[in-house]
Amino acid sequence: MMVRAVAAALLALCAGAASAAVLQVRAGESIGAAVRAASAGDTVLVARGHYKERLLIDKPLTLRGQDRPTISARNSGDVIRVASSGVTIDGLILRDSGSDLDRQNAGVYVLPGSHRFVLRNCVLSYTLFGVYLDKSDHSTLSGNTITGKRDLQSAARGNGIQVYNSAHVDVIDNNISYARDGIYVDLSRHALFRGNKIHHLRYGTHYMNTNHSTWENNESYQNRGGLALMEVRELVVRNNVAWGNEDHGIMLRTIQDSVIENNVVAANGRGFFIYDAEYNVLRNNVVINNRTGVHLSAGSANNAVDGNDFIGNEEAVKFVASRDVAWGRTRGNYWSGYNGWDQGGDGAGDLPYEANDMVDRLNWQYPLVKLLLTSPSVSTLRFVARQFPVLRAPSVVDKHPRMRPNNPEWHFWRDKHVH
């Protein structure tokens with residue numbers, strides 16, 4: 001019986017493959033007419049050319065371009081609207097969506113329930129939203145270049161990729177620029193974001209309420225903010241690079257039970273902005289040449305912060321709280337401003353590193369104090385504060401800081417992307 005069942009399944013698959021047709025669309029012909037004529041499982045093959053039409057795909061099929069044909073919606077509505085599971089779009093230039101934010105005009109708008117959608121190797125140009133996934137599970141967006149309507153003000157643009165209430169979505173190797181936010185994610189789960197380049201945006205990523213997901217090997221640069229990860233738990237954030245962002249490199253806001261490791265945050269306003277974050281692991285990150293290495297606030301005390309390198313930041317840590325926070329419990333962090341020594345030769349400093357003192361606190365509260373930082377009076381104030389603990393400000397304290405950087409490749413970032 002088992003052999004018969006397997007044979008029947010194979011015959012059914014072969015019959016399905018045999019019945020799938022390829023419909024060729026030549027320059028000057030209608031892609032929409034071919035889509036309407038196609039059956040489930042067919043491939044619509046589009047020759048190179050310029051096609052001015054808007055498409056509705058309401059059956060499972062593949063729409064594939066030959067030599068990158070262009071489909072233009074002529075600045076109205078969506079270029080392609082998908083209303084079926086099992087749709088693949090491959091190798092096309094999709095451009096000129098409408099500009100109606102209320103209607104969420106997009107290069108590709110995937111309607112709720114349209115699962116297993118694939119968009120790959122496409123260019124989406126001058127679209128309000130690039131791709132909008134709405135309740136679309138097990139979908140993949142890979143190898144696409146997405147450029148928004150750069151002549152609009154940021155607030156009038158849509159997002160490059162928007163993922164809403166979707167599960168098991170893979171967003172891989174895309175290049176996104178000149179939208180509002182690069183990748184916007186809300187109310188989703190079990191997603192993978194890998195190898196994306198995200199630049200010249202408001203936020204590289206605007207990510208909320210989406211648990212059990214992975215961000216790895218992405219590069220977010222020259223945005224107002226880099227990666228903004230908020231109100232989430234159980235994330236893995238690793239091997240990302242965030243550089244040259246006006247505000248933060250990586251924001252961790254109201255995040256729990258997550259691992260943030262092997263990232264580089266360089267030449268940002270703030271390397272890490274950590275707010276209301278607890279029970280996370282931050283390890284082996286390089287935080288270099290930022291105005292503020294880490295801005296730590298709203299609690300954010302119960303985290304394991306070990307083996308990181310803080311190098312060349314104008315201000316290592318901005319921290320205002322009522323009590324000390326201990327870092328480096330398992331392995332010390334490296335601080336380029338540490339002035340201690342290592343008599344034992346074990347690679348760890350003999351004196352604790354304290355990230356800020358009374359003068360730092362005054363500097364945050366009264367920015368004009370910066371004008372006096374090199375004066376004898378401020379130097380005397382620092383000395384007196386160290387001699388009298390009652391004057392000491394609460395600080396991030398690393399009891400055994402490393403004498404040398406943990407990451408041997410930190411030199412690569414020393415002279416690059418200096419803020």
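Heads up: the structure comes first, above all this text.
Residues numbered from 1 in each chain as written. Predicted model: local features only at pLDDT ≥ 70, side-chain atom pairs only at ≥ 80, totals over all residues. Heavy atoms only, no water.

1. Examining the overall build of the protein
Move 1: Of the regular secondary structure elements, the protein holds four helices and 41 strands.
Move 2: Looking at the protein as a whole, 52% of its 419 residues are labelled buried.
Move 3: Expressed as a percentage of contacts within the protein between residues at least 6 apart in sequence, the contacts between residues at least 24 apart total 43%. (Helix = DSSP H or I, 4+ residues; strand = E, 2+ residues; numbered from the N terminus. Buried < 20%, exposed > 50% of the residue type's maximum accessible area, 1.4 Å probe, protein only. Contact = heavy atoms within 4.5 Å.)

2. Observations concerning the pairing of strand 37 (residues 315-319)
Move 1: With respect to burial, strand 37 is a largely interior element, four of its five residues being buried.
Move 2: One ladder, built from four bridges, connects strand 34 (residues 292-297) with strand 37; its direction is parallel. Directly across from valine 294, in strand 37, lies its bridge partner valine 317. (Pairing = 2+ DSSP bridges.)

3. Describing the nonpolar core
Move 1: Judged by nonpolar contacts, the single largest core of 78 residues is most densely connected at Leu63, Ile80, Ile89, Val108, Phe117 and Trp327.
Move 2: The next biggest cluster of nonpolar side chains, apart from the first, holds eleven residues, and it includes Val241, Ala266, Val286 and Ile311. (Core = buried A, V, L, I, M, F, W, Y, C linked by side-chain atoms within 4.5 Å.)

4. Side note on the packing of aromatic side chains
Move 1: Taken as a whole, this structure holds 13 aromatic pairs when the rule is applied.
Move 2: A centroid spacing of 4.8 Å and a plane angle of 15° characterise the contact between tyrosine 109 and tyrosine 132, whose relative ring orientation is stacked. Here tyrosine 109 is found in strand 10 (residues 106-110), whereas its partner tyrosine 132 is found in strand 13 (residues 129-134), with 23 residues between them in sequence. One exposure class covers both tyrosine 109 and tyrosine 132, and it is buried.
Move 3: Between the aromatic rings of tyrosine 207 and tryptophan 215, the centroid separation amounts to 5.3 Å while the plane-to-plane angle is 80°, which identifies the pairing as edge-to-face. Residues tyrosine 207 and tryptophan 215 agree in their burial class; the two are buried.
Move 4: Here the aromatic residues Phe310, Trp327, Trp335, Tyr338 and Tyr353 are joined through ring pairs into a cluster of three or more.
Move 5: Looking at arginine 81, its charged tip hangs above the ring of tyrosine 109, at a distance of 4.7 Å from the centre.
Move 6: Seen from the ring of tyrosine 203, arginine 202 lies directly overhead, with NZ or CZ sitting 5.4 Å from the centre. (Phe/Tyr/Trp six-rings, centres within 6.5 Å; stacked < 30°, edge-to-face > 60°. Lys NZ or Arg CZ within 6 Å of the ring centre and 35° of its normal.)

5. Topic: empty space enclosed by the protein
Move 1: Applying the stated criterion to the full structure yields one cavity of 30 Å³ or more.
Move 2: Size it by volume and the largest cavity reaches roughly 50 Å³.
Move 3: Lining the largest cavity, in full, are Phe272, Ile274, Leu282, Asn285, Val287, Val294, Val305, Asn308, Phe310 and Trp327.
Move 4: Residue classes in the lining of the largest cavity are distributed as eight nonpolar, two polar and no charged. (1 Å grid on protein atoms, 1.4 Å probe; cavity = no way out; pocket = protein on both sides within 12 Å on 5 of 7 lines; lining within 4 Å. Points joined across faces, edges and corners; volume = space filled by probe spheres on them. Nonpolar A, V, L, I, M, F, W, Y, C, P; charged D, E, K, R; others polar.)

6. Focus on the sheet that holds strand 31 (residues 270-275)
Move 1: Overall, parallel pairing links the twelve strands, which are arranged 4-7-10-13-16-19-22-25-28-31-34-37 in an open sheet. This sheet does not close on itself; its edge strands, each paired only once, are strand 4 (55-57) and strand 37. For this sheet, the mean angle separating the axes of adjacent strands, direction not counted, is 10°.
Move 2: As paired strands, strand 4 and strand 7 (residues 80-82) are joined by three bridges and run parallel to one another. Across the sheet, residue leucine 56 finds its bridge partner in strand 7, namely arginine 81. (Axes fitted to C-alpha atoms, helices over the stretch in contact; angles between N-to-C directions.)

7. A word on the pattern of salt bridges
Move 1: One pass over the structure, following the stated rule, counts twelve salt bridges.
Move 2: A salt bridge links arginine 81 to aspartate 78, with the nearest nitrogen and oxygen atoms 2.7 Å apart.
Move 3: Residue classification places aspartate 78 among the buried positions, given a relative accessible area of 7%.
Move 4: One salt bridge in this structure joins glutamate 261 and arginine 283, with 2.8 Å as the shortest N-O distance. Separated by 22 residues along the polypeptide, glutamate 261 in strand 29 (residues 259-261) and arginine 283 in strand 32 (residues 281-283) bring together distant segments of the chain. (Salt bridge = Lys/Arg side-chain N within 4 Å of Asp/Glu carboxyl O.)

8. What to know about unusual backbone geometry
Move 1: Despite not being glycine, aspartate 67 has its phi angle at roughly 60°, a positive value.
Move 2: Structurally, aspartate 67 is set in the loop between strand 5 (62-65) and strand 6 (70-72).
Move 3: Phi at aspartate 96 is positive, roughly 65°, even though this residue is not glycine.
Move 4: In this structure, aspartate 96 sits in the loop between strand 9 (93-95) and strand 10.
Move 5: Accessibility expressed as a relative area gives 10% for aspartate 96, which makes it buried.

9. Regarding the sheet that holds strand 38 (residues 325-327)
Move 1: Taking strand neighbours across the sheet as the criterion, the three strands line up as 38-41-40 in an open arrangement whose pairing is mixed. The outermost strands of the open sheet, each flanked by one partner alone, are strand 38 and strand 40 (353-354).

10. Looking at the environment of tyrosine 275
Move 1: Mapped onto the secondary structure, tyrosine 275 falls in strand 31.
Move 2: Judged by relative accessible area, tyrosine 275 falls into the partly exposed class, the value being 30%.
Move 3: It is 6.2 Å that separates the C-alpha atoms of tyrosine 275 and leucine 296, two residues lying 21 residues apart in sequence.

11. Thoughts on the side chain of serine 188
Move 1: Following the sequence through the fold, serine 188 ends up in the loop between strand 19 (183-186) and strand 20 (192-194).
Move 2: In this structure the side chain of serine 188 is engaged in a polar contact, spanning 3.1 Å, whose partner is the backbone nitrogen of asparagine 165.
Move 3: Within polar-contact distance, the side chain of serine 188 engages the backbone nitrogen of serine 166 at 3.0 Å.
Move 4: Setting aside chain neighbours within four positions, we find serine 188 in contact with Val163, Tyr164, Asn165, Ser166, Asn209, Thr210 and Asn211. (Polar contact = N/O pair within 3.5 Å; in protein donor to acceptor, adjacent residues only side chain to side chain.)

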